[in-house]
Amino acid sequence: MQFRHPEILYFLFLLVIPIIVHLFQLRRFKKEYFTNVQFLKELSIQTRKSSRIKKWLLLATRLLLLACIIIAFAQPFFKAKDSKSASNETYIILDNSFSMQAKGQKGELLRRAIEDLLEHTPDGRNFSLITNNESFWNTDIKSIQKELQNLKYSATPFELDNLIAKVNARKSAFSKDIIVITDAAGLEQKQLKAIDKNSNTYFIIPESEQKTNVAVDSVYLNQTMDNFYEISVKLSAFGQQGKEVPIALYNDSKLIAKTVSKMDAKTKTMNFTIPKADFNGFVQITDNGLAYDNELFFSLSKPEKTNVIAIGDAAKSGFLSKIYTSGEFNFVNFAIQSLDYNLIDKQDVIILNELKEIPQALQTTLKAFSEKGGNIVLIPSEESSVTNLNVFVSNFGGLTFKNLVSDEKLVTKIAFSHPLYAGVFEKKIENFQYPKTSRSFGISSASAPILNYEDQSAFLTSVGNSVASIYVFAAPISASNSNFQNSPLIVPTFYNMAQNAQKTGIASVTIGNGQPFVMDANLAKDEIVEVKGKDEKFIPVQQILNNKVKMTFGDYPTEAGNFTVFNKEKALKNIGFNYDRTESNLSSNADLLSDFKTIDSVEAVFDTLQADRTNTDIWKWFIVLALIFLTTELLIQKFVK
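Residues numbered from 1 in each chain as written. Predicted model: local features only at pLDDT ≥ 70, side-chain atom pairs only at ≥ 80, totals over all residues. Heavy atoms only, no water.

Caption draft 1: Quick peek at the sheet that holds strand β9 (residues 200-204). If you walk across this open sheet you meet the six strands as β7-β6-β3-β8-β9-β36, and the pairing is mixed. Either end of the sheet is taken by a strand with one partner, and the two such strands are β7 (135-139) and β36 (597-599). Shown here is a sheet whose adjacent strand axes are inclined to one another by a mean of 20°, direction ignored. In terms of strand pairing, strand β3 (residues 89-94) meets strand β8 (residues 176-181) through six bridges, oriented parallel. Of the residues in β8, the one forming a bridge with E89 is K176. Along the sheet face, helix α3 (residues 109-120) touches β3 and β8 and points at about 160° away from the line of β3. (Pairing = 2+ DSSP bridges. Helix = DSSP H or I, 4+ residues; strand = E, 2+ residues; numbered from the N terminus. Axes fitted to C-alpha atoms, helices over the stretch in contact; angles between N-to-C directions. Contact = heavy atoms within 4.5 Å.)

What follows is the structure, encoded as structure tokens:
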């Protein structure tokens, strides 16, 4: 027991006064003898004993009464077991990702968590609240009541380590209490490394009763026909499988097609055929799971011809003219001596077809071409020097050529999941007509190969930047060294290398992924483009690249939908913006938090902090005891003779 005013305890010396009063009588008695009192002797002795007991009882009650009053004024208390943390700052991390749309016993997890905060956060308590996309520093519950009630779901995934880092970045002389409210969906072990297990971090994990969800995963162009596109819609199922899901395709608000897909596997792909024209719409499913991933917005532009230049011997480029036909491509071949460098900026793809040497001027031009979004295909020559090749590929990083080896090799492995072969194969093929090469360079690459030799070395690989890809072959593919030109792989490989998504593909951007978007646009230096949707518009970060413009959207727009890029009042391009599908899996990883403090509710957290950090005052009990002793004294005075 401790005292807030221990100096008052000196008044306990006052207890000497009642002792003196009771032990030393101030009046002296004198004996007087008179007759006929002999019979009173026994009664006198009994009365004297009773009076003595009464005096001792009164002395005890008065001493205890005075002691209780003095101790009460000294304000005794029992020190809290965690009193050192009483001055800690409070930080609340609230997960408002789309997985919190799932329903628990009392409704949507996020809405229930907000209600819990509004009801049980102490009114006078200062704290900071951090969500996936917003921060409220040094505030109280009444000040942010409206903001919490209107809090929307965030397209930014819940990344605990980043949010903890944001809290730790707030410099303070006090320690921190961190309360994390999350369903733990998508939580990873590496995110927990940012948390000190000995710190005051509490986890509230609202439990979802809903575990089944179907999401529109992606939409891609599967096949281009003379007058139609065939698009593929990929659905992903999480949790229970076997349910039937209605799926509809809309162009603007007009229903184009509708069908039902039975989710008898984790993924299911549905194909739709649409006219070969501009398309600006969305795919929609009807599902009782999460709402945010039931729609996927996209646009499909009316096809424009892709510009392709091959640089090399015309006799070796004959197979390219058969792939890049005049209906879809503007293809031309130049010998290195007759190449007009001014044409390069206007191209979509440059193919270096077995050049003996790549001049330095061409290397510099192609580096700038790649940075502006152009794809490059490098097919080495048997006479190419390793030094010259490595100087060229060093402009793009992550790849190195090794010496030419005269060993016949078979190409036996295909990376079916690589974007280059998306939609090409209906199933994985193990036995096919293996192409071969007689001589090949060794390639060391940080990227996974697209086509592999039988010894697992790379035949075709790629490196790239955020807006373009550089495809690199390990060997010449002319007839004198390889039969690759006769392989069925030759057409989809080179065709897809030249495909430009901004011209003939699906335009669909994931909100917040930071991926630049390049499109054709002839803009003056002082002109800017603006992105407009039905209810939202914004100006993206943009860079003019000759006849193109590169845009970065950051965290905009805030809501998914169909948008159009405008230059003043002129519409340039339709784009679909969508939320990242990382929150579609409702499986909770709460078991990862077994080593941390987990608690049931906001109320329980604050009650725990209050109980652990608040001293227990007991001066009121001494007041009560004083009243009891006062009452006891009065009763003794009245009833004890």
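Caption draft 2: Representation of helix α9 (residues 490-498). In terms of residue burial, α9 counts as a mostly covered element, since eight of its nine residues are buried. Buried residues of α9: I490, P492, T493, F494, Y495, N496, M497 and A498, and no others. (Buried < 20%, exposed > 50% of the residue type's maximum accessible area, 1.4 Å probe, protein only.)

Caption draft 3: Layout of the pattern of salt bridges. Here the structure, examined in full by the defined rule, presents 12 salt bridges. Across the pair E559 and K152 runs a salt bridge whose closest N-O atoms are separated by 3.4 Å. Highlighted residues: E559 in the loop between β33 (548-552) and β34 (561-567) and K152 in the loop between α4 (145-149) and α5 (160-168), separated in sequence by 407 residues. Judged by relative accessible area, E559 falls into the partly exposed class, the value being 39%. The class of K152 is exposed, set by a relative accessible area of 56%. The salt bridge involving D287 is made with K243; its shortest N-O contact spans 3.0 Å. In this pair, D287 is assigned in the loop between β15 (279-285) and β16 (295-300) and K243 in the loop between β11 (228-238) and β12 (244-251), connecting sequence segments 44 residues apart. A relative accessible area of 9% means that D287 is categorised as buried. (Salt bridge = Lys/Arg side-chain N within 4 Å of Asp/Glu carboxyl O.)

Caption draft 4: Spotlight on the nonpolar core. Membership of the largest hydrophobic core comes to 57 residues, with the highest contact counts inside it found for I351, L352, F459, L460, F473 and F494. The element that contributes the greatest number of residues to this core is α9, accounting for five residues. Once residues lying within four places of it in the same chain are set aside, the contact partners of F459 are V411, T437, L451, N452, Y453, V472, F473, A474, A475, I477 and F484. Counting residues in hydrophobic clusters, the runner-up holds 49 residues, among them M100, L117, V529 and L586. (Core = buried A, V, L, I, M, F, W, Y, C linked by side-chain atoms within 4.5 Å.)

Caption draft 5: The packing of aromatic side chains, seen in detail. All chains considered together, the criterion is met by 27 aromatic pairs. Summarising the aromatic geometry, the rings of F563 and F577 are spaced 5.3 Å apart at their centres and angled 85° between planes, so their arrangement reads as edge-to-face. Remark: F577 occurs in strand β35 (residues 570-578) and F563 occurs in strand β34; sequence separation between them is 14 residues. Pair check on accessibility: F563 and F577 agree, each one buried. Among the aromatic residues, those joined into a cluster by ring pairs are F319, Y453, F459, F473, F484 and F494. When the ring centre of W137 is taken as reference, the NZ or CZ atom of R170 above it lies at 4.2 Å. Above the face of the Y453 ring, K409 is positioned so that its terminal group lies 5.0 Å from the ring centre. (Phe/Tyr/Trp six-rings, centres within 6.5 Å; stacked < 30°, edge-to-face > 60°. Lys NZ or Arg CZ within 6 Å of the ring centre and 35° of its normal.)

Caption draft 6: Looking closely at unusual backbone geometry. Omega for the peptide link from Y556 to P557 comes to -5°, which places this bond in the cis form. Positive phi, close to 65°, is recorded for A184, a residue that is not glycine. Note that A184 resides in the loop between β8 and β9. The class for A184 is buried, based on a relative accessible area of 1%. The backbone phi angle of Q456 is positive, close to 75°, even though this residue is not glycine.

Caption draft 7: Representation of the environment of Y421 in the model. Structurally, Y421 can be placed in the loop between β22 (409-414) and β23 (436-437). Using a relative accessible area of 2% as the deciding quantity, one classes Y421 as buried. Along the chain, Y421 and T493 lie 72 residues apart, while their C-alpha atoms are 7.4 Å from each other. Discounting residues that sit within four places of it in the chain, Y421 has contacts with I414, A415, F416, I450, L451, L460 and T493.

Caption draft 8: Region of the structure containing a nonpolar patch on the surface. The grouping of W619, I623, L627, L630 and L634 at the surface amounts to a nonpolar patch, some 440 Å² of accessible area in total. With respect to the helices, strands and loops of the structure, L630 is situated in helix α12 (residues 619-639). (Patch = residues over 30% accessible without salt bridge, like charges linked within 9 Å, V, L, I, M, F, W, Y side chains within 5 Å. Areas by Shrake-Rupley, 256 points an atom, 1.4 Å probe, with all protein chains shown as cover.)

Caption draft 9: Examining the pairing of β33 more closely. Counting buried residues in β33 gives four out of five residues, a clear majority hidden from the surface. Both strand β29 (residues 517-520) and β33 contribute to a ladder of four bridges, which runs antiparallel. Looking at β33, one finds that D520 is bridged to K548.

Caption draft 10: Quick look at the environment of Q284. Summarising the element assignment, Q284 is placed in strand β15. Sequence spacing of Q284 and A248 is 36 residues, and the spatial spacing of their C-alpha atoms is 5.2 Å. Apart from the residues within four sequence positions on either side, Q284 is in contact with P246, I247, A248, Y250, N294 and E295. At 2.7 Å, the side chain of Q284 forms a polar contact with the side chain of E295. (Polar contact = N/O pair within 3.5 Å; in protein donor to acceptor, adjacent residues only side chain to side chain.)

Caption draft 11: View of the sheet that holds strand β32 (residues 541-545). Across the sheet, which stays open at both edges, the three strands sit in the order β29-β33-β32 with antiparallel pairing between neighbours. The sheet terminates laterally at β29 and β32, the two strands that pair on one side only. Neighbouring strand axes in the sheet, compared pairwise and without regard to direction, differ in orientation by 20° on average.

Caption draft 12: Layout of the environment of F228. On the secondary structure map, F228 appears in strand β11. A sequence separation of 44 residues divides F228 from F272, and the C-alpha atoms of the two residues are 10.0 Å apart. The contact partners of F228, leaving out residues within four places of it in the chain, are Q223, T273, I274, P275 and K276.

Caption draft 13: View of the packing of helix α7 (residues 360-371) against helix α8 (residues 386-393). Contact geometry for α7 and α8: axes closest at 10 Å, N-to-C directions at 25°. Of the possible angle classes, the one that applies to α7 and α8 is roughly parallel. Relative to α8, the crossing made by α7 is right-handed. Touching Q360, Q363 and L366 of α7 are N388, V391 and F392, all from α8. Each residue belonging to the contact of α7 with α8 can be placed in one class, and the counts come to three nonpolar, three polar and no charged. (Parallel < 35°, antiparallel > 145°, perpendicular 65-115°, else oblique. Left-handed = near helix turned anticlockwise from the far one by under 90°. Nonpolar A, V, L, I, M, F, W, Y, C, P; charged D, E, K, R; others polar.)

Caption draft 14: The side chain of T90, seen in detail. Looking at the element boundaries, T90 is found in strand β3. Its relative accessible area of 3% is what places T90 among the buried residues. The contacts of T90, once residues within four sequence positions are left out, are R125, N126, F127, S128, D177 and I179.

Caption draft 15: Region of the structure containing α8. Buried within α8 we find N388, L389, F392 and V393. For α8, the angular spread of buried residues about the axis comes to 125°, placing them on one side. Buried positions along α8 lie against β19 (349-353), α7, β20 (375-379), β21 (399-405) and β24 (440-445). (Arc of directions from axis to C-beta.)

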